[in-house]
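Inside the fold
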Amino acid sequence: VNTAQQYKALGDETRGKILAIIKQQPATAKQLADRLRIAPGTAGHHLQSLEAAGLAMVVARRLVRGIVAKYYTRTAKLFLFERPEERDAQTEYSTHWLDMLAHVRREVQETVAAAPEADRVLMVGTPHARMSAERAQEFSRRLHALVDEFATEPLATEGSVYGLGVALYVAPAYLQVDESPPKV
């Protein structure tokens, strides 16, 4: 993912949900509409936007009561997000990360509201650690490897779908330690 069109397509929450669903199994606009409780035309519009951005594609067509039903899936099981070179895409790229974290927050909220049992959310935390940029890059590499492994996990025939939200960032200024020696 590296174009303004792709980041713009991903900026819509409904499109993100559609991509999550069709990662698990191909679906038609009607099936997606029923699952997301939106109009089939709206689902079809979102699918067209995702297809135009190169993020979704038709994998099958079936004749259902005289109408051709298109089954969509993602173009990749795992999307890699690259910093775009085109100027228009840089704003979309920057806001994309905040949108992703907001999406994770909403999913966790929905999960807890539906079933507040402790086993529904397995781990949440925001630890902080002071380290060199090189050490932070090592953590980043390891987190990328973990996310890649998680995202490419083969689909199980049983069990639940789990989400994984990850962010490694320079903490805000109020957490930064003043490195100057104390005045005595």
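Summarised in this report is the structure supplied together with it. (Residues numbered from 1 in each chain as written. Predicted model: local features only at pLDDT ≥ 70, side-chain atom pairs only at ≥ 80, totals over all residues. Heavy atoms only, no water.)

Looking at the overall build of the protein
A count of helices and strands for the protein gives six helices and two strands. In sequence order, the secondary structure elements of the protein are arranged as α-α-α-α-β-β-α-α. For 184 residues, the compact-globule estimate of 2.2 N^0.38 gives 16 Å, and the C-alpha radius of gyration of the protein, at 20 Å, exceeds that figure by more than 25%. Seen through its C-alpha atoms, the protein measures out along the principal axes to roughly 85 × 45 × 25 Å. (Helix = DSSP H or I, 4+ residues; strand = E, 2+ residues; numbered from the N terminus. Rg over C-alpha atoms; globule rule 2.2 N^0.38 Å.)

Let's talk about the pairing of strand β2 (residues 67–74)
Where strand β1 (residues 56–64) and β2 come together, eight bridges link them in antiparallel fashion. Of the residues in β2, the one forming a bridge with M57 is T73. (Pairing = 2+ DSSP bridges.)

Brief notes about helix α2 (residues 13–24)
Here α2 is twelve residues long and its end C-alpha atoms lie 17 Å apart, about the 16 Å a rise of 1.5 Å per residue gives. Among the residues of α2, those classed as buried are R15, I18, L19, I21 and I22. Each buried residue of α2 sits inside an arc of 165° when the element is viewed along its axis, so together they form one side. Packed against the buried residues of α2 are α1 (4–10), α3 (29–36), α4 (40–52), β1 and β2. You can read the cap of α2 off the contacts: a side-chain oxygen lies 2.9 Å from the backbone nitrogen of T14, and it is on D12. (Expected span 1.5 Å × (residues − 1). Buried < 20%, exposed > 50% of the residue type's maximum accessible area, 1.4 Å probe, protein only. Arc of directions from axis to C-beta. Contact = heavy atoms within 4.5 Å. Polar contact = N/O pair within 3.5 Å; in protein donor to acceptor, adjacent residues only side chain to side chain.)

Points about unusual backbone geometry
Non-glycine residue R37 carries a positive phi angle of around 60°. A residue is classified by how much of its surface remains accessible, and R37, at 77% relative accessible area, is exposed. Within the chain, R65 stands out as a residue other than glycine whose phi angle is a positive 50°. Looking at the secondary structure, you find R65 in the loop between β1 and β2.

Some details on α3
Here α3 has its buried residues at A29, L32 and A33. For α3, the buried positions fall inside an angular range of 100° around the axis, keeping them on one side. On its buried face, α3 sits against α2, α4 and β2. Of the residues one or two after α3, R37 is the one with positive phi, at around 60°.

Some words on the nonpolar core
The biggest cluster of nonpolar side chains holds 21 residues, and the ones touching the most others in it are L19, I22, L32, L50 and L55. Of all elements in the fold, only α1, α2, α3 and α4 reach the threshold of two or more residues within this core. Once residues within four sequence positions are removed from consideration, I22 is found in contact with A27, L32, A56, Y72, T73 and R74. (Core = buried A, V, L, I, M, F, W, Y, C linked by side-chain atoms within 4.5 Å.)

From the geometry alone we can't say anything about function, so treat these as descriptive.
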